[in-house]
Amino acid sequence: MNKKRPVNLELSTIKLPITALVSITHRVSGVALFAGVAVLLWMLDSSLSSEEGFAAVQDALASPLCKFIVWAVLAALGYHTAMGVRHLIMDCGVGETYEGGRLGAKVALVVAVVLIVLAGVWVW
Ligand code: HEM
């Protein structure tokens, strides 16, 4: 192997294109969703267990921290869904060029921001 080949491991000097950024964050949001869905299922299970359980979940949902957690899970869902639909559209052969990919990433980002803001309005 040529030991003199150019190597660049200075992560701060590597500028990722928007398509790479949305791809990485799509995966991160999927992993966050996996954990978030567990929290939501636990809250659903508690709320259905008894009248007291329902009241406890209702009380918890009134706290800012709990609202923030629910909003964060919904935000991850909104982001992941917007990026996921972008992927599925590209899988159908639409917007597969470099420019198409960049435009699709920007449109999906705008949709994701709208969904995340709407989730915040709904939760608060
Ligand atoms: C609770 C719901 C969901 C969870 C936990 C979840 C989780 C994940 C995870 C962890 C990945 C990354 C897989 C990998 O990189 O190997 C992924 C990829 C993907 N998700 Fe989701 N997801 C959920 C909902 C959705 C929804 C609603 C859509 C809507 C379109 C979607 C579309 C996709 C697509 C298209 C990919 C593949 C992306 C790629 O090829 O890089 N997901 N999901």
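Our subject is the structure that appears above.
Residues numbered from 1 in each chain as written. Predicted model: local features only at pLDDT ≥ 70, side-chain atom pairs only at ≥ 80, totals over all residues. Heavy atoms only, no water.

1. What about helix H1 (residues 18-49)?
Count 3.6 residues to each turn of an α-helix, and residues three or four apart come out pointing the same way. Keep this limit in mind: In this text, helices come from DSSP runs of H or I with a minimum length of four residues, and strands from runs of E with a minimum of two, each type numbered from the N-terminal end. Each residue after the first adds 1.5 Å to the expected span of a helix. Buried means the residue's accessible area, taken with a 1.4 Å probe over protein chains only, is under 20% of the maximum for its type, while exposed means over 50%, and partly exposed covers the values in between. The contact rule is simple, with two residues in contact once any of their heavy atoms fall within 4.5 Å.
In a regular helix each residue adds 1.5 Å, so 32 residues correspond to 46 Å; H1 covers 45 Å between its end C-alpha atoms and thus fits that length. Turning to H1, its buried residues are Val22, His26, Ser29, Leu33, Gly36, Met43 and Ser47. Residues of H1 that are buried make contact with helix H2 (51-61), helix H3 (64-91) and helix H4 (98-123).

2. As for the coordination of the iron atom of the ligand
Our working definition: Sites may look incomplete because water is not among the atoms; the donors themselves are N, O and S atoms within 2.8 Å of the metal, or within 3.2 Å for Na, K and Ca.
The protein gives the iron atom of the ligand a lone donor atom, His80 (NE2), placed 2.0 Å from the metal. Tracing the chain through its elements places histidine 80 in helix H3.

3. Remarks on the nonpolar core
Quick reminder of the rule: In plain words, nonpolar cores are sets of buried Ala, Val, Leu, Ile, Met, Phe, Trp, Tyr and Cys residues tied together by side-chain atoms within 4.5 Å.
Grouped together as the largest cluster of nonpolar side chains are 7 residues: Val22, Tyr79, Ala82, Met83, Ala105, Ala108 and Ala112. Residue assignment for this core shows that the elements contributing at least two residues are H3 and H4. When sequence neighbours within four positions are dropped, the list of residues in contact with methionine 83 reads Val22, His26, Ala108, Leu109 and Ala112. Ranked by size, the runner-up nonpolar core spans 5 residues in total, among them Met43, Cys66, Val70 and Val123.

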